[in-house]
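The chain contents come next:
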Amino acid sequence: MLHIIVCIKQVPDSREIRIDPVNNTLIRQGVPSIVNFYDLHGLEEALRIKDEHNARVTVVTMGPPPAEKSLKECISLGADEAVLVTDRKFAGADTLATSYVVARTIRKVEELWGKADIVFCGKQTLDGDTGQVGPGIACRLDLEQLTYVGKVVDVNPVRRTVTVHRYLEDGLEVVESSMPLLITALKELNKVRRASLPGMIRAAGYKPYIWTTADFPDLDNAKIGLKGSPTIVSKTWVPEVRKINGQIVSGESPEQVAGELVGKLWESDLPERFGWT
Amino acid sequence: MTAARNAEQTPDWSDYRGVLVVVEQRDGEAKKVSWQLLGEGKKLAEKLDVQLIALVIGHEVGHLAQEAIYYGADKVFLCEAPELKAYRTRPYSRIAMKVIGEAKPEICLFGATGTGRDLAGAIATHLPTGLTADTTELDVEPPPSRLLLASRPAFSEKMMATILCKQYRPQMATARAGVFQSLPRDAAREGEVIRIENAMTEEQIATRVLDFIQERDKINLEEAEIIVAGGRGLGGPEPFVMLKELADALGGIVGASRAAVDAGWIKHEHQVGQTGCTVRPKLYFAIGISGAVQHIVGMSNSDVIVAINKDPEAPIFQTAHYRIVGDLFKIVPAITAEVKKKRGEVKAYERKV
């Protein structure tokens, strides 16, 4: 049986965050928490593999206690088990400290339910936007790493290979690798299913495993939370928009406005640069 | 493992000097962002009075080592082997780690591309050190602190954040394409090329790249020189055809605001101002775009900006060189016709000559 572990994060829906225009700070109040949607595409792909092969799907997250809600959502979609690692000591973690704790969590999950064959992460989170935790976990667990995956073409449990399409800026790469491996998921990977009624019923009664630092006796305290984070945010600011004292282009008719504008563009060095002349 | 554990005491990093840029290439062709990073890296290296170092990895990429010197590198580490033809995390990260171990740069920069982020994420964890993703502004504090000030958009591009890595070296960052400027190529520049051996054999690498399908007409906003972008004011998907006609007349490509993309009027790959997409074209048309901060951050470095909007109070006008208040549905086709006329005139003139 394949064991697939899906890493998720509960994030504020940053699309809903507004800036307080008076003191230039973020208004976090009333911003809904969601499962980072790239992670849901990772979960969906894990569930598709489970539909086709014999597989167990475990979801893990590091976060504050309310993140339990996101784990239950994953159970409702079809995950077998869910684990929340939560502790005040984890607070303030950057990507390095996060990948340390998540990697240790995966090791502990493996003790319970067997070695991971495939680990899924989202391409990046909506709030951190770094895309660094996936490679960090792969590195710490010595997994092959396939980032920016837009399609899983083949999973072969016998040969223990996975073939994927990686979507890069300049094209599409077809890559085959060996399990155990880690995949970071793009939106293009699949369409996320809706929870089934039995799934919702199971989720309603499900209690995720909750682990704290006490469950990891050999955790290195210097590698977790703020202390284990080499990067610190020294300041934030609202970007100053470059003000341009532009000219108004107007005219009696659209044609006249167009003539005026194009005339101005043609007076500049643009025609020469683009070979318009 | 370094002795950088005690957060109270700054470790002695005085043997870490220099700025390293990892050059990204495919089939022997460098990505533009690599030369842009050398240009920005040069500024940092000059402020710190240190060398600018480049790392070139691949198969038959010796010429890129030379090019890196022309674009500003003082010293280039070059690793060539057939196994390195296509990027793969393990062999590439091992080589980069070896170079970082030998050259001990205080700053390491990578393009914030799929490959650059993949590689930097692996290396930063191995070392370990701090890595800032997707930076759009880089600076250094003068000696003695020599800290890299790595700034990036945060919270859906609504704010900027400056990130420091005080206790570890090298200080690493990935940086967006199209934000920084490369130095003019100078073939008279000289530098040192140091060849290094590839340590991994094909048998040791579990990942195989079976194929690569290049998408030549893929929308590449970052490298576009003319962008005709539309927003909420278009009211639906159909008017993008009109924008495409203008873009075609000018020889540019179509962009879009987040609002238009979120509404499903145009594909995501056209979006300007999203994470990872800052544009710097010579000419930018903002049509029916009101000008949310993240959009403006994404395009305000364009050389010439034309804004067309029916609302004279739209914030986009404060960032435009040419402001047109009016009905875009009438004005845009008129501009297209005028451009065609001008270019047609030019052609007719050429024929005469």
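About the criteria used
- Residues numbered from 1 in each chain as written.
- Chains lettered and ligands numbered in written order.
- Predicted model: local features only at pLDDT ≥ 70, side-chain atom pairs only at ≥ 80, totals over all residues.
- Contact = placed C-beta atoms within 7 Å.
- Helix = DSSP H or I, 4+ residues; strand = E, 2+ residues; numbered from the N terminus.
- Nonpolar A, V, L, I, M, F, W, Y, C, P; charged D, E, K, R; others polar.
- Pairing = 2+ DSSP bridges.
- Axes fitted to C-alpha atoms, helices over the stretch in contact; angles between N-to-C directions.
- Domains from an automatic or database assignment.
- Buried ≥ 20, exposed ≤ 12 C-beta atoms within 10 Å, placed from the backbone.
- Expected span 1.5 Å × (residues − 1).
- Parallel < 35°, antiparallel > 145°, perpendicular 65-115°, else oblique.
- Left-handed = near helix turned anticlockwise from the far one by under 90°.

1. Considering the interface of chain A and chain B
Moving on, step 1. Facing 68 residues of chain A, the contacting portion of chain B comprises 73 residues.
Moving on, step 2. No other element matches the 9 residues that helix H6 (residues 254-267) of chain A contributes to the side of chain A that touches chain B.
Moving on, step 3. When the residues that make up the side of chain A that touches chain B are grouped by side-chain class, the tally is 31 nonpolar, 20 polar and 17 charged.
Moving on, step 4. Bridge count for strand S11 (residues 171-178) of chain A against strand S13 (residues 208-214) of chain B is 6 bridges, and the pairing is antiparallel. Looking across to S13 of chain B, one finds that Leu 172 of chain A is bridged to Ile 213 of chain B.

2. Focus: the environment of Val 23 of chain B
Residue and element names in this part refer to chain B.
Moving on, step 1. Residue placement: Val 23 occurs in strand S1 (residues 19-23).
Moving on, step 2. Separated by 87 residues in sequence, Val 23 and Phe 110 place their C-alpha atoms 7.4 Å apart.
Moving on, step 3. Excluding its chain neighbours within four sequence positions, the residues that come into contact with Val 23 are Ala 30, Ser 34, Ala 54, Leu 55, Val 56, Leu 64 and Ala 68.

3. Concerning the sheet that holds strand S14 (residues 231-237) of chain A
Moving on, step 1. The strand order across the open sheet formed by 4 strands is S14(A)-S10(B)-S9(B)-S8(B), and the pairing between neighbours is antiparallel. Taken across any chain shown, the strands that pair with only one partner, and hence form the sheet edges, are S14 of chain A together with strand S8 (137-140) of chain B. This sheet shows a mean twist of 25° between the axes of neighbouring strands, independent of strand direction.
Moving on, step 2. Relative to strand S10 (residues 159-165) of chain B, strand S9 (residues 148-154) of chain B is paired through 5 bridges, and the arrangement is antiparallel. Bridge assignment links Ala 154 of chain B to a residue of S10 of chain B, and that residue is Met 159 of chain B.

4. What to know about the domain arrangement of chain A
Moving on, step 1. Annotation of chain A at the domain level lists domain 1 (2-223) and domain 2 (244-277).
Moving on, step 2. Averaged C-alpha coordinates put domain 1 of chain A and domain 2 of chain A at centres separated by 51 Å.

5. Some details on the sheet that holds strand S17 (residues 304-309) of chain B
Moving on, step 1. On the basis of which strands lie adjacent, the open sheet formed by 6 strands has the order S15(A)-S18(B)-S17(B)-S16(B)-S14(B)-S15(B) and parallel pairing. In this open sheet, the two strands that pair with only one neighbour each are strand S15 (247-248) of chain A together with strand S15 (253-256) of chain B.
Moving on, step 2. Across the face of the sheet, helix H5 (residues 239-250) of chain B comes into contact with strand S14 (226-230), S15 and strand S16 (283-287) of chain B while running at roughly 165° to S14 of chain B.

6. Some points on helix H2 (residues 68-77) of chain A
Residue and element names in this part refer to chain A.
Moving on, step 1. H2 sits mainly inside the fold: 8 of its 10 residues count as buried.
Moving on, step 2. The complete set of buried residues in H2 reads Ser 70, Leu 71, Lys 72, Glu 73, Cys 74, Ile 75, Ser 76 and Leu 77.
Moving on, step 3. Among the structural elements, strand S2 (10-12), strand S5 (33-35), helix H1 (37-52), strand S6 (55-62), strand S7 (81-85) and helix H5 (197-205) are those in contact with the buried residues of H2.
Moving on, step 4. One or two residues past the end of H2 sits Gly 78, with phi positive at roughly 135°.

7. Quick word on the domain arrangement of chain B
All names here are of chain B.
Moving on, step 1. Each assigned domain of chain B is listed here: domain 1 (19-204) and domain 2 (221-352).
Moving on, step 2. The distance between the C-alpha centroids of domain 1 and domain 2 comes to 33 Å.
Moving on, step 3. In this assembly, 12 residues from domain 1 lie in contact with 11 residues from domain 2.
Moving on, step 4. Taken together, the residues of the side of domain 1 that touches domain 2 sort by class into 4 nonpolar, 3 polar and 5 charged.

8. A look at helix H1 (residues 32-48) of chain B
Since there are 3.6 residues in each turn of an α-helix, residues three or four apart along the chain are aligned in direction.
Residue and element names in this part refer to chain B.
Moving on, step 1. End to end, H1 covers 25 Å across 17 residues, agreeing with the expected 24 Å (1.5 Å per residue, within 8%).
Moving on, step 2. Burial in H1 covers these residues: Val 33, Ser 34, Trp 35, Gln 36, Leu 37, Leu 38, Glu 40, Gly 41, Leu 44, Ala 45 and Leu 48.
Moving on, step 3. Just downstream of H1, Asp 49 is the residue with a positive phi angle, here 55°.

9. Points about the packing of helix H3 (residues 95-113) of chain A against helix H4 (residues 133-141) of chain A
Residue and element names in this part refer to chain A.
Moving on, step 1. Here H3 crosses H4 at 50°, and the two axes come no closer than 8 Å. Overall, the two elements H3 and H4 adopt an arrangement that is oblique. The crossing of H3 and H4 is right-handed. When H3 is examined against H4, the residues Thr 95, Leu 96, Thr 98, Ser 99, Tyr 100, Val 102, Ala 103 and Ile 106 are found in contact with a partner set consisting of Val 133, Gly 136, Ile 137, Arg 140 and Leu 141.
Moving on, step 2. A per-class count over the contact of H3 with H4 returns 8 nonpolar, 4 polar and 1 charged.

10. Side note on the environment of Thr 105 of chain A
All names here are of chain A.
Moving on, step 1. Along the chain, Thr 105 turns up in helix H3.
Moving on, step 2. Using a count of 24 C-beta atoms within 10 Å as the deciding quantity, one classes Thr 105 as buried.
Moving on, step 3. In this structure the C-alpha to C-alpha distance between Thr 105 and Val 60, which are 45 residues apart in sequence, comes to 7.7 Å.
Moving on, step 4. When neighbours within four sequence positions are excluded, Thr 105 is seen to be in contact with Val 60, Met 62, Val 83 and Val 85.

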